[in-house]
Amino acid sequence: DVKVTQSSRYLVKRTGEKVFLECVQDMDHENMFWYRQDPGLGLRLIYFSYDVKMKEKGDIPEGYSVSREKKERFSLILESASTNQTSMYLCASSLDGKLFFGSGTQLSVL
Amino acid sequence: AQTVTQSQPEMSVQEAETVTLSCTYDTSESDYYLFWYKQPPSRQMILVIRQEAYKQQNATENRFSVNFQKAAKSFSLKISDSQLGDAAMYFCAYRSALNAGGTSYGKLTFGQGTILTVHP
């Protein structure tokens, strides 16, 4: 069975902290994505990666960076967390246009 | 850029009845895919149904069917014989079919979501 694993289900951080959200997929997919989900706004694409060390900005990349050193792992980095980054973060991987999602990380920045 | 709009923040239905969720989208592309995803309280996104734009026939999956109106850029989801387990957030999504140098990489553009409540 396909599996996309996000390391934390809930996370609480302080303003100004550096935050790492980790995502691992076991399907050897080339494409991986980070989305942010907010009420009334749906899911918005932050960054995606189409190969190791390759990345492209999505629709809302400001305040975020990503890292993909290995094919199976895609990390989202908040260099200096702010309260407006409190949100649900969803990771996904894809093959042949079909998206597989993790179960999300609810991040609260206090 | 493509946009997807779900104008119903919340909908409710009685168990065993039928409900229709609305979705409109905007694109200049002629070839693309449309999806409905379900997100229950577990937060796990589940693909409900998929429609290829080049197919005129509306997709169906058991109790779920779509009404795809390409000219109107409308893509509604009909749930028949609603069950308590259908209660969830539903998202409409768009994916470009670009390839051969203009690949979409499988990126989806999502609508705002519709919360569906099912009353027993």
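Quick summary incoming for the structure in this document. (Residues numbered from 1 in each chain as written. Chains lettered and ligands numbered in written order. Predicted model: local features only at pLDDT ≥ 70, side-chain atom pairs only at ≥ 80, totals over all residues. Heavy atoms only, no water.)

### Focus: the overall build of chain A
Rules: Put simply, DSSP H or I for four residues or longer makes a helix, DSSP E for two residues or longer makes a strand, and each gets a number counted from the N terminus. Between the two quantities, the radius of gyration covers C-alpha atoms and the globule rule is 2.2 Å times the number of residues to the power 0.38. Contact between two residues is taken to exist if any of their heavy atoms lie within 4.5 Å; hydrogens are not considered. Charge counting treats Lys and Arg as positive and Asp and Glu as negative, with His and both chain ends excluded. Working definition for charges: the position is that of NZ of Lys, CZ of Arg, CG of Asp or CD of Glu.
Across its full length, chain A carries zero helices and eleven strands. Taking 13 Å as the expected radius of gyration for a compact globule of 110 residues, we find that chain A reaches 13 Å, a close match to that expectation. Referenced to the eigenvectors of the C-alpha coordinate spread, the extents of chain A come out at roughly 40 × 25 × 25 Å. For chain A, long-range pairs separated by at least 24 residues make up 54% of all intrachain contacts whose partners lie at least 6 apart in sequence. Across chain A, 15 positive and 15 negative side-chain charges occur, with their mean positions spaced 5 Å apart.

### Digging into the interface of chain B and chain A
What counts here: By convention, the term buried area covers the 1.4 Å-probe accessible surface removed from two parts as they join, with the contributions of both added. Whenever a carboxyl oxygen of Asp or Glu lies within 4 Å of a side-chain nitrogen of Lys or Arg, that contact is scored as a salt bridge. Pairs of N or O atoms are called polar contacts if they sit within 3.5 Å, as long as, within protein, a hydrogen donor faces a hydrogen acceptor (for residues adjacent in sequence, only side-chain-to-side-chain pairs).
In this assembly, 19 residues from chain B lie in contact with 26 residues from chain A. Around 1800 Å² of area is buried between chain B and chain A when both sides are counted, 55% of it from carbon and sulfur atoms. Linking chain B to chain A there are zero salt bridges. Summed over the shared surface of chain B and chain A, the result is seven residue pairs in polar contact (both at pLDDT 80 or more). Looking at the side of chain B that touches chain A, the elements that each hand over two or more residues are β5 (32–39), β6 (46–52) and β10 (88–96) of chain B.

### Structural notes on the sheet that holds strand β8 (residues 73–78) of chain A
Whenever strands of a sheet pair, they do so through backbone hydrogen bonds, lying parallel or antiparallel. All names here are of chain A. Basically, it comes down to this: The criterion for strand pairing is that DSSP finds at least two bridges linking the strands in question. Lines are fitted to the C-alpha atoms to define the axes, a helix being fitted only along its stretch in contact, and any angle between axes, read from their N-to-C directions, falls within 0 to 180 degrees.
In space, the four strands of this open sheet follow the order β1-β3-β8-β7, with antiparallel pairing throughout. The sheet is open, and its two borders are formed by β1 (4–6) and β7 (65–70), each paired with just one other strand. Looking at each pair of strands side by side, their axes are set apart by 20° on average, direction ignored. Two elements, strand β3 (residues 19–25) and β8, share six bridges in a ladder whose sense is antiparallel. Paired with L21 across the bridge in β8 is L76.

### Remarks on the pairing of strand β9 (residues 74–79) of chain B
Where a strand is regular, its side chains alternate between the two sheet faces. Residues and elements named next belong to chain B. The cut-off we apply is this: Type-normalised accessible area, obtained with a 1.4 Å probe on protein chains alone, sets the label of each residue: buried when under 20%, exposed when over 50%, and partly exposed for intermediate values.
With five of its six residues buried, β9 lies for the most part within the structure. As paired strands, strand β3 (residues 19–21) and β9 are joined by three bridges and run antiparallel to one another. Across the sheet, V19 pairs through a bridge with I79, a residue of β9. When strand β8 (residues 64–69) meets β9, the two strands line up antiparallel, connected through six bridges. The residue of β9 that forms the bridge with F64 is I79. Hairpin connection, β8 to β9: the antiparallel pair is bridged by four residues, and K73 has positive phi, about 55°.

### Comments concerning the environment of D96 of chain A
Mapped onto the fold, D96 of chain A is located in the loop between β9 (87–95) and β10 (98–101). Measuring from C-alpha to C-alpha, the distance between D96 of chain A and P39 of chain A comes to 29 Å, with 57 residues separating the pair along the chain. Excluding its chain neighbours within four sequence positions, the residues that come into contact with D96 of chain A are R50 and R95 of chain B.

### Quick word on the pairing of β10 of chain A
All names here are of chain A. Residue alternation in β10 divides its side chains into a buried set, L99 and F101, and an unburied set, K98 and F100. Relative to β10, β9 runs antiparallel, the two sharing four bridges. Among the inter-strand pairings, L95 is bridged to a residue of β10, identified as K98. Count of turn residues in the β9/β10 antiparallel hairpin: two residues, of which D96 carries a positive phi of about 55°.

### What about the packing of aromatic side chains?
Quick reminder of the rule: Here the aromatic set is Phe, Tyr and Trp, taking the six-membered ring for Trp, and pairing holds for ring centres within 6.5 Å; pairs whose planes are under 30 degrees apart are stacked, those over 60 apart are edge-to-face, and all others are tilted. Whether a charge lies above a ring is judged from NZ of Lys or CZ of Arg, which has to be within 6 Å of the ring centre and within 35 degrees of the ring normal.
In total, this model carries 15 aromatic pairs over all chains according to the counting rule given. Aromatic pair Y25 of chain B and Y94 of chain B: ring centres 6.2 Å apart, planes at 40°, arrangement tilted. Placement of the pair is Y25 of chain B in strand β4 (residues 24–26) and Y94 of chain B in strand β10, with a sequence separation of 69 residues. When the centroid spacing of 6.1 Å and the interplanar angle of 35° are considered together, the rings of F35 of chain B and Y37 of chain B count as tilted. The residue whose ring lies beneath R43 of chain B is Y10 of chain A, and the NZ or CZ to ring-centre distance is 5.1 Å.

### With respect to the nonpolar core
Residue and element names in this part refer to chain B. Using the following cut-off: We define a nonpolar core as any set of buried Ala, Val, Leu, Ile, Met, Phe, Trp, Tyr and Cys residues linked to one another through side-chain atoms lying within 4.5 Å.
In this structure, Y25, W36, F75, L77 and Y90 are the most contacted members of the largest nonpolar core, which totals 25 residues. Of all the elements in the fold, those that place two or more residues in this core are β3, β5, β6, β8, β9, β10 and β12 (114–119). Considering every element that reaches this core, the biggest residue donor is β10, with four residues. Look past the residues within four positions of L77 in its chain and what remains in contact with it is V19, T20, L21, W36, V48, I49, F64, S65, V66 and Y90.

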